[in-house]
Amino acid sequence: MAVWALYRYRNSDGSSKDWAVTTHPDGSISTRWGKTDARLPSVNTRNGVRQFDIERQKQAKGYVFVAEVAIDHEGNVAFPGQNHGDQQAEADENRQAEAVNSRSLVTTLYWHIDCKADHDTCINLGLEVRRMISAIQACDDWFAQAEQDWDGWQQLLDLTLKRQTFTQSGQIQQAHGVMPWLLLMAFKFKGFAGVEIGIATEHSRELSADLKAEPEVLAFFGTDLDSIRPVAEILGLLKPRLNLASALSDTDDCWF
Amino acid sequence: MEVGYPDPEDEMKLLAEVVPSMPEAVRESMIKVANQIRKVFIGGQDGGGMLSVTLSTRGLLRWASLVVTFKSAPNALAYSLDRALTFRAEPAEREAIHRIAKDVFGDDWV
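Bear in mind that the values here come from a model prediction, so they are computed numbers and not experimental data. (Residues numbered from 1 in each chain as written. Chains lettered and ligands numbered in written order. Predicted model: local features only at pLDDT ≥ 70, side-chain atom pairs only at ≥ 80, totals over all residues. Heavy atoms only, no water.)

**Notes on the overall build of chain B**
1) Next: Helix and strand content of chain B: 5 helices and 0 strands.
2) Next: Within chain B, the proportion of its 110 residues that are buried is 45%.
3) Next: Partitioning the intrachain contacts of chain B with sequence separation of at least 6 by distance along the chain shows that 53% fall at a separation of at least 24.
4) Next: Working note: accessible area of chain B is about 6,000 Å², and carbon and sulfur atoms make up 53% of it. (Helix = DSSP H or I, 4+ residues; strand = E, 2+ residues; numbered from the N terminus. Buried < 20%, exposed > 50% of the residue type's maximum accessible area, 1.4 Å probe, protein only. Contact = heavy atoms within 4.5 Å. Areas by Shrake-Rupley, 256 points an atom, 1.4 Å probe, with all protein chains shown as cover.)

See below:
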């Protein structure tokens, strides 16, 4: 079965569409497309085009590479490790249960920022990007824990410097650590007029801006709410916890 | 003759006099907890409540005073509630009351 390169485009309303491409042994190119689903029904085959070129065209339009997948002649998409072929019947029987389970699993996060804000809001967004990046850079440990740099930091800084409308999308892998997700969540939580921020899982589940509602994403990054609480409080994602000893500092303390 | 519990506004004034340094948000939450405990204690029209203990205004003031006294205890709110009320409740009732308080205080109940 042919290997297809699967790309995904996230719409500003949180939905997404997929596009896949493969090159046949005779040099022809097939593409498939449709709304993000287990099946991509639409197909087109043509000659005289290089896969590399049309992949670049799609990326320029905001599509992000998802994975190399197998797609059968009916358009059924199988991610690496998923059943296909002879085991199709069994897979169909379990599809519904698997779909429920898989939606709760997180393997990659996809983010999308659509900035159509006015000039002043763009300036404020830029200032906030810098403030938040500075705030979390103060948490040295977090950056030391990340296995890979996330290039979104620089992309966001560059885009907000231009102070004009922009659209940007990308991925957050487990190796990037939890910080990029927290940063984007903080922007989403803050809510800038004219700036739409979407963060979704591979299965198109749009993530909320409520940290407590996303324990599986925290688990995906190998952390939990208590561990990230200090930085989440700095970013405004969690209300600072009550410190009675500090709040009642003008009274005697009888605890020992 | 039956007299109900004071209004939250009146209890807020009392708490402000007894524990003036306590943040207003904490005082409000304590009164919410007290009123929820009272509601479960009194029960509905069908019969008696599901708790054998309740938090009177005096108990509420005692709880607040103990919170100030033991402010550095791990979860001073729970530590003080135990001493003000729930140590004399059945274990299941204590758990139910603490659950009420946890729901009201949220992340601050630690």
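**Things to note about the nonpolar core**
Residue and element names in this part refer to chain A.
1) Next: Grouped together as the largest cluster of nonpolar side chains are 46 residues, with contacts concentrated most on L109, W181, L182, L183, L184, F187 and L211.
2) Next: If you list the elements that add at least two residues to this core, you get β7 (109–115), α3 (119–137), α5 (152–162), β8 (166–172), α6 (179–190), β9 (195–201), α7 (215–220) and α8 (225–234).
3) Next: The element that contributes the greatest number of residues to this core is α6, accounting for 8 residues.
4) Next: Setting aside anything within four residues of it in sequence, one finds L211 in contact with W181, L182, M185, L218, L225, I228, A232, L237 and L238. (Core = buried A, V, L, I, M, F, W, Y, C linked by side-chain atoms within 4.5 Å.)

**Comments concerning empty space enclosed by the protein**
Rolled over the atoms, a probe as big as a water molecule pinpoints where empty space is left.
Residues and elements named next belong to chain A.
1) Next: Within this structure, the stated rule accounts for 1 cavity of 30 Å³ or more.
2) Next: Around the largest cavity, the lining residues are I113, L125, V129, L156, F166, F187, V195 and I197.
3) Next: Its residues assigned to classes, the lining of the largest cavity comprises 8 nonpolar, no polar and no charged. (1 Å grid on protein atoms, 1.4 Å probe; cavity = no way out; pocket = protein on both sides within 12 Å on 5 of 7 lines; lining within 4 Å. Points joined across faces, edges and corners; volume = space filled by probe spheres on them. Nonpolar A, V, L, I, M, F, W, Y, C, P; charged D, E, K, R; others polar.)

**Comments concerning the pairing of β7 of chain A**
All names here are of chain A.
1) Next: In terms of burial, β7 is a largely internal element, 7 of the 7 residues being buried.
2) Next: The pairing of β7 with β8 spans 7 bridges and is antiparallel. Note on β8: the bridge partner recorded for C115 is F166.
3) Next: The pairing of β7 with β9 spans 7 bridges and is classified as antiparallel. The residue bridging W111 from the neighbouring strand is I199, located in β9. (Pairing = 2+ DSSP bridges.)

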